[in-house]
Amino acid sequence: MPRALLVILDGCADRPVKELGNKTPLEVAIKPAIDRLTADGSCGLMDVISPGIRPGSDVAHLAIFGYDPYKYYPGRGPLEALGAGIPLNPGDVAFRANVATVNDELIVVDRRGGRYIGADEAREIEEIINNEVLPILKSKYGIDAIYKQTVEHRGVLVLRGAVSPNVSDTDPHVVGARVAEARALSEDAKVTASYVNEFTRLVYEKLSRARFNDKRRREGKVPINMVLLRGAGSLRKFEPLSSKYKIKPAIIAGVALIRGIGVALGMEAINVENYVGSKDDDFNSAFHAAAEALKNHDFVFLHVKPTDSMSHDGDARGKVMIIERVDAGLRRFIEEAPGDTYIFITCDHATPITVRDHTGDPVPFMAWGPDVMRDEVTKFSERDCARGFWNRIKGIDVMNIIANYLGAIEKFGE
Ligand code: ZN
Ligand code: ZN
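Rules used in this analysis
- Residues numbered from 1 in each chain as written.
- Chains lettered and ligands numbered in written order.
- Predicted model: local features only at pLDDT ≥ 70, side-chain atom pairs only at ≥ 80, totals over all residues.
- Heavy atoms only, no water.
- Donors = N, O, S within 2.8 Å, 3.2 Å for Na, K, Ca; no water.
- Helix = DSSP H or I, 4+ residues; strand = E, 2+ residues; numbered from the N terminus.
- Buried < 20%, exposed > 50% of the residue type's maximum accessible area, 1.4 Å probe, protein only.
- Polar contact = N/O pair within 3.5 Å; in protein donor to acceptor, adjacent residues only side chain to side chain.
- Phe/Tyr/Trp six-rings, centres within 6.5 Å; stacked < 30°, edge-to-face > 60°.

### Considerations on the coordination of the zinc ion (ligand 1)
The textbook angles at a metal center are 109.5 degrees for a tetrahedron of four donors and 90 or 180 degrees for an octahedron of six. Looking at the metal site, the zinc ion (ligand 1) is ligated by Asp-10 (OD), Asp-10 (OD), Ser-57 (OG), Asp-348 (OD) and His-349 (NE2), spaced 1.9 to 2.8 Å from it. The distance between the zinc ion (ligand 1) and the zinc ion (ligand 2) comes to 4.6 Å. Taken together, the residues span a long stretch of sequence, with Ser-57 in helix H3 (residues 57-64) and His-349 in the loop between strand S11 (341-346) and strand S12 (363-368) at a distance of 292 residues. As far as burial versus exposure is concerned, Ser-57 and His-349 are alike and both buried.

Structure representation (structure tokens):
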């Protein structure tokens, strides 16, 4: 069976940039490898969700992987967990968490615990919750749980077992209000709600007595004695990529959230050194790893982050440079990959330099392979791809198009 590489250039599609002579970064970048594939292959434009809809990277990737985000978007809690590297199974319930300061009547004094939380304090908070709070709840409710502090005052709580995401927030969302009681929003959520309320009480009791709070008080800082929960959600039951498209998939992504989504959908994560979603990412190593991975997988997904980051920073030249460095990596891939490999390149959304945020513009799409139709387009860009064979596709079509070339999925009908 042939194999395929799908490259997502995050936020790479753009609009004309004055500084670049009213061209886009893709039009200006010197990218012989990508353009050679484009000339030998076929391209088009893609509406990631629908024309004009501005997607977040999470929603966009769900669509591109073939899962309708209007049905499968799990909410922010689960995505925070995936972004924190906590593996999630369908049915697990994840909450976003804030460490906070409350008075002895549980009135919220500071929703972010004074905002600045040291790394030592974060570790201590995790230890207290994981070692002193969650085991008590486990013995009473039989629910497994894990708590992780993510960035600054933010964290994530994941529950595993007979749990329901239909519980209201304990975060009152305003200062001066009491920590809210979690309410069951459906009949099956009663146990989860009482679990959460007991969590609130235990966290207050244990954190209030924590040593790091004595130190904070001495330093004149507010204590951190509460964890506020919101945005409960869980992954819906879904057919994993492997059975949906009859492929053995792998993912290379420096960004934890994207890698987490891939792993949740059944892809094997491949770690690459110096590939963490930053501007210094080593694309040569990432593409080399992709070529290696195709020896024992038939589908490899490679995510390129800094094209998006450069746009958020408004750095047009920097974005051009990233595209050129990706091109050099791809050149290496073409030399190393097995001969029967198809290559697909597209973006998860546009992030125009002029906007510095995601927009709902269509993005270029390119397909190349042994028997892919060759069209007249010779350059991979927003304008050029508009004249291609694929015309206008949607994000949700991408995996079907790939699986169609790989030839593994069953016919629809006889
Ligand atoms: Zn993105
Ligand atoms: Zn972005």
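Let's pick the thread back up.
### Examining the environment of Glu-187
Its place among the elements puts Glu-187 in the loop between strand S6 (154-160) and helix H7 (190-208). Within the local environment of Glu-187, its side chain forms a polar contact with the side chain of Lys-190, the two groups lying 2.9 Å apart.

### A few points about the packing of aromatic side chains
Under the criterion given, the structure shown has 12 aromatic pairs. Summarising the aromatic geometry, the rings of Phe-365 and Trp-390 are spaced 6.0 Å apart at their centres and angled 90° between planes, so their arrangement reads as edge-to-face. In this pair, Phe-365 is assigned in strand S12 and Trp-390 in the loop between helix H14 (382-385) and strand S13 (391-394), connecting sequence segments 25 residues apart. Accessibility assignment for this pair places Phe-365 and Trp-390 in one class, buried. Both rings, one in Phe-389 and one in Trp-390, keep their centres 5.1 Å apart while their planes meet at 85°; by these two values the pair is edge-to-face. The partly exposed category is assigned to Phe-389, whose relative accessible area is 38%. Classification of Trp-390 by relative accessible area gives buried; the value is 17%.

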